[in-house]
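Architecture and fold: a report
The residues making up each chain are set out below.
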Amino acid sequence: MQENGFENLPGSGPLRDSKKFASDQMVRWCPGCGDFAVLAVIQKVLASLDIPREKYAFISGIGCSSRFPYYMNTYGFHSIHGRALPIATGVKCANPDLQVWVATGDGDALSIGGNHFIHALRRNVDLKVILFNNRIYGLTKGQLSPTSEFGKKTKSTPWGSIEYPLNPVTMALASEATFVARGLAADVAGLTEIVSRAAKHQGTAFVEVLQNCVVFNNGAWKEVEDKASREERVVRLQHGKPLIFGKDRNKGIRLKGFDPEVVEFLPDRPPKDLVVHDEKAESPHMAYLLSKMNETNHPVPVGVFRAVRQPTLHELMEEQIIKARQSAPTDLQAVLNNSEEAAA
Amino acid sequence: MNKLKAVKPKSQSSEEIDSVTIRFAGDSGDGIQLTGLQFSTATALAGNDLSTFPDYPADIRAPLGSLFGVSGYQIHFSSSRAFTPGDAPDVLVAMNPAALKVNTKELRKGGLVIANSDAFNTQNLGKAGYATNPLEDGSLSDFRVIPVELSRRTGEALQGLPLTKPQAERCKNFYALGMMYWLYDRPMEGTLKWIETKFKKNPVMAEANKKALLAGNAFAETTELFGQYYRIKKSPVEPGVYRNVTGNEAMALGLLTAAQLSGLQLWYGSYPITPASEILHELSKYKNLGVKTFQAEDEIAAVCSSIGAAFAGALGTTGTSGPGVSLKSEALGLAAIVELPLVIINIQRGGPSTGLPTKTEQSDLFQALYGRHGECPMPVLAAATPADCFQMAIEASRLAVKYMTPVLLLSDGFLGIGAEPWRVPDITKLVKFPPSKLPPPDKFKPYQRDPTTLARPWALPGMSGYEHRIGGLEKADITGTVNYEPENHERMCRLRQAKIDKIVSEIPPMDVLGPKKGKVLVLGWGSTYGAITAAVSRLQAKGESVASAHLRYLNPLPSDLGEVLARYERVIVPELNLGQLVHLVRDRYLVDAQGLNKVKGLSFKVAEIENAVMALLAGRRD
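Keep in mind it's a predicted model, so treat the numbers as computed, not measured.

**Focus on the pairing of strand β4 (residues 70-78) of chain B**
Residues and elements named next belong to chain B. The element β4 is largely enclosed, with a buried count of 9 among its 9 residues. Along β4, one buried face is formed by Val70, Gly72, Gln74, His76 and Ser78 and the opposite face, lined by Ser71, Tyr73, Ile75 and Phe77, is buried too. The pairing of strand β2 (residues 19-27) with β4 spans 9 bridges and is antiparallel. Note that in β4 the partner of Phe24 across the bridge is Tyr73. For strand β3 (residues 49-55) and β4, the ladder comprises 7 bridges, and the chain directions are antiparallel. Note that in β4 the partner of Pro54 across the bridge is Tyr73.

Okay, structure coming up:
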């Protein structure tokens, strides 16, 4: 299929040892950074897949999390601020044989790269997009990010932020993403499950990871990260199951009009009108309502909001080429001789 | 339906002429570009060399009859070489008063005006600022004026067809085209065939346009309106397959060919921008050749997608105009430091900012040479004619792959939309340029350079044993890991510069037109080639000691340029900017070169260059 001037080399088999996905570079994140957990989770997930190491490409922009490719013993490209997604789009479409991952942050993906974010998702490019959301600019030492809370004091907002934050999951759903999920860096088991599913999704798989920045925004997601309070502050989305949470499994989510509300009940008697999660729903309406739940009034939903299969950009691109080849000459000389007649 | 007869042999007398320049002008909705394009195609089929200049407003449909809404299409064709679209039209076809008003000052004295007299009503005259009707008040006494009731005559010719009056009226451009075909003895078969294909789904309009064309032709034949018709001998050309191409078409075909010669998949990531969009349109047609085109969400995404595609092993290319290059410039820095092949095409237009989007200019040379952050050298090439865009697209791709570098290729609005006949090459005769072979995996280092070219190896994701990381942070020499050491940074900056400098060995010696030494050298680059060559040829015919040389490589410059410059007493550099190449030449070679500069959104007239050189020869400095 691939027409190129490069030699065909023998491939290797899948790697089962997650340590073999680590590069020889020293990991230079701050001690205690949430990024370490994500790195470990992804290395573990790759070792569980039947894909040889050389078929992985990790693409990133700029920011702490964007150092990610340097720490992976795969192909990697640390690019420029905000532009990982269009670069990854070129990589994936030029060689659909690769599994392409994007490591990005809240500033990289949603501020400087905001435009690329919505367009990569709407095109359903087959990418695994991991957004490390610590609600702060870390690499530039502590300025406001587009996910920072209203009123937040940072180096660039000493009087408190006067900007309203945006919600990455809401944005992903509004951008027609076919796989949308949220996980916690502090919950390795839960995150591993989510990332494995993202890895197997065909199309854009978007995962927001809530993680801490120990230096510039310590306690970014305190309540959901702390093991002690987590089960009260988090609701885990499970396909086909009602939305129930709490250490005692005695709380649930139902709709009041268009607004989700928390309802308490006796653990063995959940009310019938709890929201039942459907990640495969054709329209993302319910997923959108759930995405609007935030830690101020509700538990934070984690898990897979949406997982639907739609043709991806590279599949459609290849399909058009195959179709065009059936109806128009594939001989360059014929095209050069007369464009009008040779064009499809 | 298809019983329209071919035209009978001509009954009137004829005269043989060497060349003629015709300008079609009218409202932007009058089908002027289409008419001009059809005339060009017929002229190419008739075997004449030609050069065209489509000149249209930035507005899609400017207010009817307004001066700023006038769209023009000029074509110069000849029995010898047609280097430019012609300085002053010999014939003006004016569809309304505004078209007449805008174009009469350009028209040659004694030239012919064919005007659609039906459009010369009070309202249109007023819009064009005419107090009285110029077709009647004697103000056009310098020209030979032939008023034709185009609208009425077209309407009559189409009687019996189920058309509304405005629909019939819209066919008047074909009526006028039919007249012009008669006057210059052009074949009509091509246009008749084109109409059939174009209006396949609307047989009534197909019939109407064909009828209008033939009626216009018959009208010219039977009424003795012009007195005689003209014949222009075929231009002497090398044998081969010829077709008419615009620069943008040639650019697209060049990229397709480059992909084949390199054995790489072609990726073209682009964002719509005037006057570069046609490259995207053209390439999008050729999915049958396996090209992948990507209309990105913005200029930055366009270039980044191409960088990504290059990382994955494709021939990554992107095209835009000056404002788009500004947006891409950060990514160009990335492409330079990661040393991936990339072709960036700039179809220059009048700037700064949105400037004159549909007009031509050469004012992005400094941007191409210097417009990036950091020490960021990049090869810069420039096409000289529309057909040359084909060759230069291949050359830019070849250098990009061989030297593992982004390459900037400059064209401009004049080349992009202007057309000329192009001899289609036999692709089996073109030189292939596959990427260099890789060392075995255990010997592979991402920044271990080829000693001759200084290019780094191009190992692709998917190849086992070559896994590596690249990125925008400074690279350690050889290993390519992140490195912040002062000595390493300077070494890498110098290596990147040295690599680009090595490209000088690829550049052929300067091709000087005229005496090897003498009084004046006219030095040009880009789209001024035609006007310079025509002007210098005329001066040489007059016996003047004048030569010209043209640069297609702007960085690095040809190694013998300094030597060539030194052989002439004076050097003059015509440019469609306020003096950019002239600055470079003065800086580099300490030559007292003089600029000839124009920034009107228009290309040079031959006479402008000729006069400037005459002034220089006479010792005047303008």
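That shown, we press on.
**Observations concerning the interface of chain B and chain A**
The interface of chain B with chain A comprises 70 residues on the first partner and 65 residues on the second. Between chain B and chain A the total buried area reaches about 5,500 Å² when both faces are included, carbon and sulfur atoms providing 62% of it. Interface area lost by chain B to chain A is led by Asn288(B), Glu297(B) and Arg469(B), which between them contribute 13%. For the pair chain B and chain A, the number of links is 3 salt bridges. One salt bridge connects Glu318(A) with Lys292(B), and the closest N-O pair in it is separated by 2.5 Å.

**With respect to the pairing of strand β10 (residues 266-270) of chain B**
Residue and element names in this part refer to chain B. Within β10, 5 of the 5 residues are buried, leaving the element largely enclosed by the surrounding structure. Neither face of β10 is open: one carries Leu266, Tyr268 and Ser270, the other Trp267 and Gly269, and all of them are buried. Bridge count between β10 and strand β12 (residues 315-320): 3 bridges; the pairing is parallel. Along β12, the bridge assignment pairs Leu266 with Leu315. One ladder, built from 4 bridges, connects β10 with strand β11 (residues 292-295); its direction is parallel. The residue bridging Ser270 from the neighbouring strand is Gln295, located in β11. On the question of chirality, the crossover connecting β10 to the parallel β11 by way of helix α10 (residues 277-285) is right-handed.

**Notes on the packing of aromatic side chains**
Any two aromatic rings considered together are summarised by their centre-to-centre distance and by the angle between their planes. Tallying each qualifying case throughout the model produces 24 aromatic pairs over all chains. On the basis of an interplanar angle of 10° and a centroid distance of 5.0 Å, the ring pair of Phe150(A) and Tyr164(A) is categorised as stacked. Taken together, the positions of Phe150(A) in the loop between β4 (127-133) and α5 (168-174) and Tyr164(A) in the loop between β4 and α5 put the pair 14 residues apart, joining distant regions of the chain. Relative accessible area serves as the criterion here: at 48%, Phe150(A) is assigned to the partly exposed category. Residues Phe366(B) and Tyr370(B) carry aromatic rings whose centres are separated by 5.7 Å and whose planes lie at 50° to one another, so their mutual orientation is tilted. Here the residue Phe366(B) and the residue Tyr370(B) both occupy positions in helix α13 (residues 365-370), the gap between them amounting to 4 residues, near one helical turn. Judged by relative accessible area, which is 26%, Phe366(B) ranks as partly exposed. Relative accessible area serves as the criterion here: at 47%, Tyr370(B) is assigned to the partly exposed category.

**Focus on the packing of helix α6 (residues 172-183) of chain B against helix α7 (residues 189-198) of chain B**
Helix-helix packing is described using two parameters, namely the angle between the two axes and the distance between the axes. All names here are of chain B. At a minimum axis distance of 11 Å, the contact between α6 and α7 shows a crossing angle of 160°. Between α6 and α7, the angle falls in the class roughly antiparallel. Here Phe174, Leu177 and Tyr181 of α6 come into contact with α7, specifically with Thr191, Trp194 and Ile195. Residues that form the contact of α6 with α7 fall into these classes: 5 nonpolar, 1 polar and no charged.

Rules used throughout
- Residues numbered from 1 in each chain as written.
- Chains lettered and ligands numbered in written order.
- Predicted model: local features only at pLDDT ≥ 70, side-chain atom pairs only at ≥ 80, totals over all residues.
- Heavy atoms only, no water.
- Buried < 20%, exposed > 50% of the residue type's maximum accessible area, 1.4 Å probe, protein only.
- Helix = DSSP H or I, 4+ residues; strand = E, 2+ residues; numbered from the N terminus.
- Pairing = 2+ DSSP bridges.
- Contact = heavy atoms within 4.5 Å.
- Buried area = accessible area lost by both parts, 1.4 Å probe.
- Salt bridge = Lys/Arg side-chain N within 4 Å of Asp/Glu carboxyl O.
- Right-handed = clockwise from strand over helix to strand, strands pointing away.
- Phe/Tyr/Trp six-rings, centres within 6.5 Å; stacked < 30°, edge-to-face > 60°.
- Axes fitted to C-alpha atoms, helices over the stretch in contact; angles between N-to-C directions.
- Parallel < 35°, antiparallel > 145°, perpendicular 65-115°, else oblique.
- Nonpolar A, V, L, I, M, F, W, Y, C, P; charged D, E, K, R; others polar.

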